[in-house]
Amino acid sequence: MADRNGNIIRLLVANERLEVAESIGRYLNDFPQVSVIGTTHTLDDTLGCARELRPSAVLCDYQRFKPETLERIRRLRQELPEVCIIAMSYDAQQTDEVIQAGANQFIPKFELSGCLLDALEQCTAPLS
Amino acid sequence: MSESAPKTSRVGLVLIDDNPGFQAALADHLSGYADLSLLAKVGSGGEVLALPAALEPDVVLLDMHLPDRFGLDLIAPLLEKWPRAKVIVLTFDDYPRMRQRAIAAGAAAFVSKIDAATELEPAIRNALRPSNGESPWQTETGTSSGY
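Residues numbered from 1 in each chain as written. Chains lettered and ligands numbered in written order. Predicted model: local features only at pLDDT ≥ 70, side-chain atom pairs only at ≥ 80, totals over all residues. Heavy atoms only, no water.

Trainee: Explain the interface of chain B and chain A residue by residue, including any values.
Mentor: Facing the 19 residues of chain B at the interface are 14 residues of chain A. Summing both sides of the interface, chain B and chain A together bury roughly 1400 Å²; the carbon and sulfur share of this comes to 62%. Inspection of the chain B/chain A interface yields 2 salt bridges. D18 of chain B serves as the salt-bridge partner of R17 of chain A, at 2.6 Å between the closest nitrogen and oxygen. For the pair chain B and chain A, the interface holds 4 residue pairs in polar contact (both at pLDDT 80 or more). Looking at the side of chain B that touches chain A, the elements that each hand over two or more residues are α1 (20-30) and α5 (116-128) of chain B. (Contact = heavy atoms within 4.5 Å. Buried area = accessible area lost by both parts, 1.4 Å probe. Salt bridge = Lys/Arg side-chain N within 4 Å of Asp/Glu carboxyl O. Polar contact = N/O pair within 3.5 Å; in protein donor to acceptor, adjacent residues only side chain to side chain. Helix = DSSP H or I, 4+ residues; strand = E, 2+ residues; numbered from the N terminus.)

Trainee: So what about the sheet that holds strand β4 (residues 84-89) of chain A? Which residues, and what values?
Mentor: Residues and elements named next belong to chain A. In spatial order, the strands read β2-β1-β3-β4-β5; together these 5 strands make up an open sheet with parallel pairing. This sheet does not close on itself; its edge strands, each paired only once, are β2 (34-40) and β5 (105-108). Neighbour to neighbour, the strand axes of the sheet diverge by 25 degrees on average, direction disregarded. In the sheet, strand β3 (residues 57-61) pairs with β4 via 5 bridges, with the strands oriented parallel. Bridge pairing in β4 places D61 opposite M88. Lying on the sheet, helix α1 (residues 18-28) is in contact with β1 (9-14), β2, β3 and β4; it crosses β2 at an angle near 175 degrees. Here helix α3 (residues 67-79) sits on the sheet in contact with β1, β3 and β4, set at roughly 165 degrees to β3. (Pairing = 2+ DSSP bridges. Axes fitted to C-alpha atoms, helices over the stretch in contact; angles between N-to-C directions.)

In structure tokens form, the structure reads like this:
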């Protein structure tokens, strides 16, 4: 698995709780094709890290009753048009909303281990 | 404390997690198992300790990061309240030291939320397995360890 240029996927993980972002980051760092370059939790930290580190993909937590999590997706899309944004949420009903906000993919957060790598692979598949 | 199989064919569970989205997702997941019954879901240590002792869940699913206390500090009070219950820690904080602390505190199993969809149900069944190795269920759906 790699990005469109065949490079390691440089991933930023953003979650409302930093310890969750860090745990997901530890899990993904076991995969050699993924390099977790940062973990963040606030909107400002996420945008700041994204601007500075220019990840190839961002994994974002989305919670329906926390509008700042949707705003994070919108702002990332505005500032980094080419980045792959994967939204994860326990609320599977909000798929359309996160895609409209600018996410490339939605994965159910309850099924992370089964969905996350596939999502990264699809998100960064070589252009035909 | 002696181990015992569930008194009925249904397994009663209590969930302690302050994320309403996770509560809903877990309830939906458990609804796929006819013999697993979510008796209560609460968002704090105070709420769970206020539940009636007569509820007598077979399993308590416990998150670590609660608004009023750290989950590990709740294991002993839960086992005092429900001595027959098996406490399964269910958290994103999956690293060896945390697992060790949870088991040392009395947890029967530790499941990472990253693997909840595949590992939780086997962990529940493993935790309730009698010490003689016999299955308390007529049919089994999971065999893997919860660790």
